[in-house]
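The chain contents come next:
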Amino acid sequence: MKTIKFFIPLLVMGTIVLSSCRKEGCTDATAVNYNEEAKKDDGSCEFVGQGAVTVEMSHVWGMSAAPFDLNTELIHPMTSDTMTYSTFKYYISNFQLKTAEGTWWTHPESYFLVDHSAPASLNLSLSGVPEGNYTDIRYTLGVDSVRNVSGAQSGALSTTNGMFWSWSTGYIMVKAEGTSPNASSGSFSFHLGGFSGANNIVTTKEHSFGATLTVTKSNSPKVMLSTNAARMFHNYGSISAGSTVHMPGATAASLADGFYGGVNFVGIQ
Amino acid sequence: MSKLIYILLGVFFLFSCRKDLIENITPFEFNAPDYFPTLHYSFNNNEVTQEKFDLGKRLFFDKLLSSDNTISCESCHAQVHAFADHNVALSSGVEGRLGFRNSPTLANLAWSPSFMWDGGVNHIEIFSVAPITDSTEMNETMQNVIDKLNADASYVQQFKEAYGVNEVDDQAMFRALTVYMMMIVSDESKYDKWMKGKTSFTQEESAGKDLFEQKCSSCHSGALQTDYSFRNNGLDAVFTDLGRGRITLEENDYGKFKVPSLRNVALTYPYMHDGRFFNLRDVLDHYDEGIVASETLDPLLTSGIPMTEEEKDAIAAFLETLTDYELLNTYWLNQ
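Cut-offs applied
- Residues numbered from 1 in each chain as written.
- Chains lettered and ligands numbered in written order.
- Predicted model: local features only at pLDDT ≥ 70, side-chain atom pairs only at ≥ 80, totals over all residues.
- Heavy atoms only, no water.
- Helix = DSSP H or I, 4+ residues; strand = E, 2+ residues; numbered from the N terminus.
- Rg over C-alpha atoms; globule rule 2.2 N^0.38 Å.
- Buried < 20%, exposed > 50% of the residue type's maximum accessible area, 1.4 Å probe, protein only.
- Contact = heavy atoms within 4.5 Å.
- Areas by Shrake-Rupley, 256 points an atom, 1.4 Å probe, with all protein chains shown as cover.
- Lys, Arg positive; Asp, Glu negative; His and termini not counted.
- Charge placed at Lys NZ, Arg CZ, Asp CG, Glu CD.
- Salt bridge = Lys/Arg side-chain N within 4 Å of Asp/Glu carboxyl O.
- Domains from an automatic or database assignment.
- Polar contact = N/O pair within 3.5 Å; in protein donor to acceptor, adjacent residues only side chain to side chain.
- Nonpolar A, V, L, I, M, F, W, Y, C, P; charged D, E, K, R; others polar.
- 1 Å grid on protein atoms, 1.4 Å probe; cavity = no way out; pocket = protein on both sides within 12 Å on 5 of 7 lines; lining within 4 Å.
- Points joined across faces, edges and corners; volume = space filled by probe spheres on them.
- Expected span 1.5 Å × (residues − 1).
- Arc of directions from axis to C-beta.

Q: Can you walk me through the overall build of chain A in this structure?
A: Within chain A, the secondary structure is distributed over three helices and 17 strands. Radius of gyration (C-alpha) of chain A: 25 Å, far over the 18 Å computed for a compact globule of 269 residues. Overall size of chain A, expressed as C-alpha extent along the three principal axes, is 95 × 45 × 35 Å. Of all 269 residues assigned to chain A, the portion counted as buried reaches 46%. Sequence-distant contacts, at least 24 apart, represent 66% of the contacts inside chain A between residues at least 6 apart. Total accessible area on chain A stands at roughly 12,400 Å², and carbon and sulfur atoms take up 53% of it. Looking at chain A, you have 15 positive and 20 negative side-chain charges, and the mean spots of the two groups are 11 Å apart.

Q: Explain the pattern of salt bridges to me, please; I cannot follow it from the model alone.
A: One side chain can pair with another of opposite charge once the charged atoms of both are near each other. Residue and element names in this part refer to chain B. A full pass over the atoms with the stated rule returns 27 salt bridges over all chains. In this structure, Asp253 engages Lys256 in a salt bridge whose closest nitrogen and oxygen atoms are separated by 3.8 Å. Note on Asp253: relative accessible area 15%, which makes it buried. Overlapping salt bridges bring together Arg281, Asp285, Asp288, Glu309, Lys312 and Asp313 as one network.

Q: Would you mind showing me how to read the domain arrangement of chain B here?
A: Buried accessible area, meaning the area lost when the parts come together, often serves as the stated size of an interface. Residues and elements named next belong to chain B. Assigned domains within chain B: domain 1 (50-185) and domain 2 (190-326). The C-alpha centroid of domain 2 is placed 27 Å from the C-alpha centroid of domain 1. The interface of domain 1 with domain 2 comprises 24 residues on the first partner and 23 residues on the second. Between the two partners, domain 1 and domain 2, sit two salt bridges. One salt bridge connects Asp118 with Arg246, and the closest N-O pair in it is separated by 3.3 Å. Linking domain 1 with domain 2 are ten residue pairs in polar contact (both at pLDDT 80 or more), by the criterion used here. Looking at the side of domain 1 that touches domain 2, its residues break down into 13 nonpolar, nine polar and two charged.

Q: Where do I start with unusual backbone geometry in this structure?
A: Excluding glycine, residues mostly carry a negative phi; peptide bonds, for their part, are mostly trans. Residue and element names in this part refer to chain B. Cis peptide bonds are those with omega within 30 degrees of zero, and the linkage from Tyr269 to Pro270 qualifies with 0°. When you line up the elements, Pro270 lands in the loop between β2 (257-258) and α12 (280-290). Look at Ala82: it is not a glycine, yet its phi comes out positive at around 55°. Along the chain, Ala82 turns up in the loop between α4 (73-76) and α5 (129-133). Unlike most non-glycine residues, Tyr228 shows phi in positive territory, near 60°. One can find Tyr228 in the loop between α10 (203-215) and β1 (230-231).

Q: Help me understand empty space enclosed by the protein, please; the structure alone is not making it clear to me.
A: Empty space among the atoms becomes apparent when a probe as large as a water molecule is rolled across them. Residue and element names in this part refer to chain B. Taken as a whole and assessed by the stated rule, the structure comprises one cavity of 30 Å³ or more. Counted as a void, the largest cavity has a volume near 80 Å³. Lining the largest cavity, in full, are Asn232, Asn233, Leu235, Asp236, Phe239, Thr240, Asp241, Gly255, Phe257 and His273. Grouping the amino acids of the lining of the largest cavity by side-chain chemistry returns three nonpolar, five polar and two charged.

Q: Even after reading the chapter, I still don't get helix α8 (residues 170-182) of chain B, so can you show me in this structure?
A: What sets the pattern is the α-helix's 3.6 residues per turn: residues three or four places apart point alike. Residues and elements named next belong to chain B. The terminal C-alpha atoms of α8 lie 18 Å apart, and with 13 residues this matches the ideal 18 Å at 1.5 Å per residue to within 8%. α8 sits mainly inside the fold: 13 of its 13 residues count as buried. Among the residues of α8, the N-terminal cap falls to Asp169, whose side-chain oxygen and the backbone nitrogen of Gln171 are separated by 3.3 Å.

Q: What is the right way to look at helix α6 (residues 142-150) of chain B in this model?
A: Residues and elements named next belong to chain B. Inspection of α6 places Met142, Val145, Ile146 and Leu149 among the buried residues, and these make up the whole buried set. Looking straight down α6, one finds its buried side chains confined to an arc of 95°; they lie on one side. On its buried face, α6 sits against α3 (50-60), α5, α7 (153-163) and α8.

This is how it looks when you write it as structure tokens:
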């Protein structure tokens, strides 16, 4: 009996102390009841007044906005090159929305790999947007230099996506590959990147909606952007002069400049 | 009596929740002598734990990282050779394919600001992508590696314990490998014991140290004998390997390679980026009388580094003191 008397309080004390070591609470920093001291999430997070915005990318070919698709013969409107794409991918990141009050809301961990072969990747979901009215959008084409120099990343920036140069650290920010009778080798392969100095291709763009985008808990509006794949050759010209770029440099910068000029705001919905 | 036990237990539990006390008794942590340079790797996002280290070690020795399951990191970075290759000029990858540069030692990478002979890799965490995906090394895709690891329940469990992830991902894999590599610290050589005042140099070693400081230490500087700069040390007039220039695309950098640390240099022959010199005397002879002029030759080497044969003997004796035999026998770095 004496031993039981001893153990029961001991057990109770042990349990209390043990659980107090792993304090439970809301561990999501974006929640209104975020608890800094909580080590373990208990599902109590409350997100008041947040909605979502979808950025919908569409891919077109040329100024006339002809349809773009993979494994389809396309004629370049300016160079008249015949091109059949097998791969068309690019990074878009760091979305921000401007409130009607003029301040910018920043989407955290905002990295997306748009891959034409995976239709779902063309709908970029920005969650946790505070309820309110927005007038402008800002985003980065490519991957900012910080993420190119900070070691192992995850999600869209994982090396498993095959958008990373191993021998000279950096993200392949745009990848366009395919075949063309105009290329001397019969195929083309443009891997564009570069995040520092003259070779930097990371570009920030901003568009005004010309209207108000209203975000509520129940309303998830859309921002529509269009990417003109043909515009990559706006400065570069015909691929008959060269159809492979696999490193940062002046050529990649010229191709990227043309390409990024072809990403434009279409409307909101 | 029993009340006293409760009080004691209560006090014990109270303290067990205090993080600082727990950390003080952690038996496994990163350590280095105070005379080493400023640490480059930040452990902020990747604190050393026993679980991460054990996982990193398992990955380091696992041939699953290669396309045909024949090559591991350890294949070309062996502990018996101070984590360099087995005294070969170029390393063999899958199907015996030869790489194009010599595999350097992995010791003391925590202090290195860049990686590879040309400094093309800017962070140790993403270093491993290069050997894993290179067709002359492991020849594997990152997706396949992650799939293979996820197919092994014991790996999935180990990743969960080390990084709290339910599925293996490349970020956790790279960070685990990094923890293992960061723990390869070579700081028990005779030179280190001398630095700590635990031993003295022979007359020849001491003379060699003085000569080394006069003739070599403007590039091989500090306690790790490198300033991590890129320099052309007069190997060739025509560059078959552009070295640093391959990364920066600047003509000014053609033929430049990273100044390597000389820790364990006696064990890590052959030398230079292509392993052209098989012994230390060849290297010293090169600096004495073999410097080849070119556009980007380092200004410090335009007249070579004149040395008598006796001076070379003494410098070689000093370089031998940089050998860390304890590193070769550190059991916990081995499988």
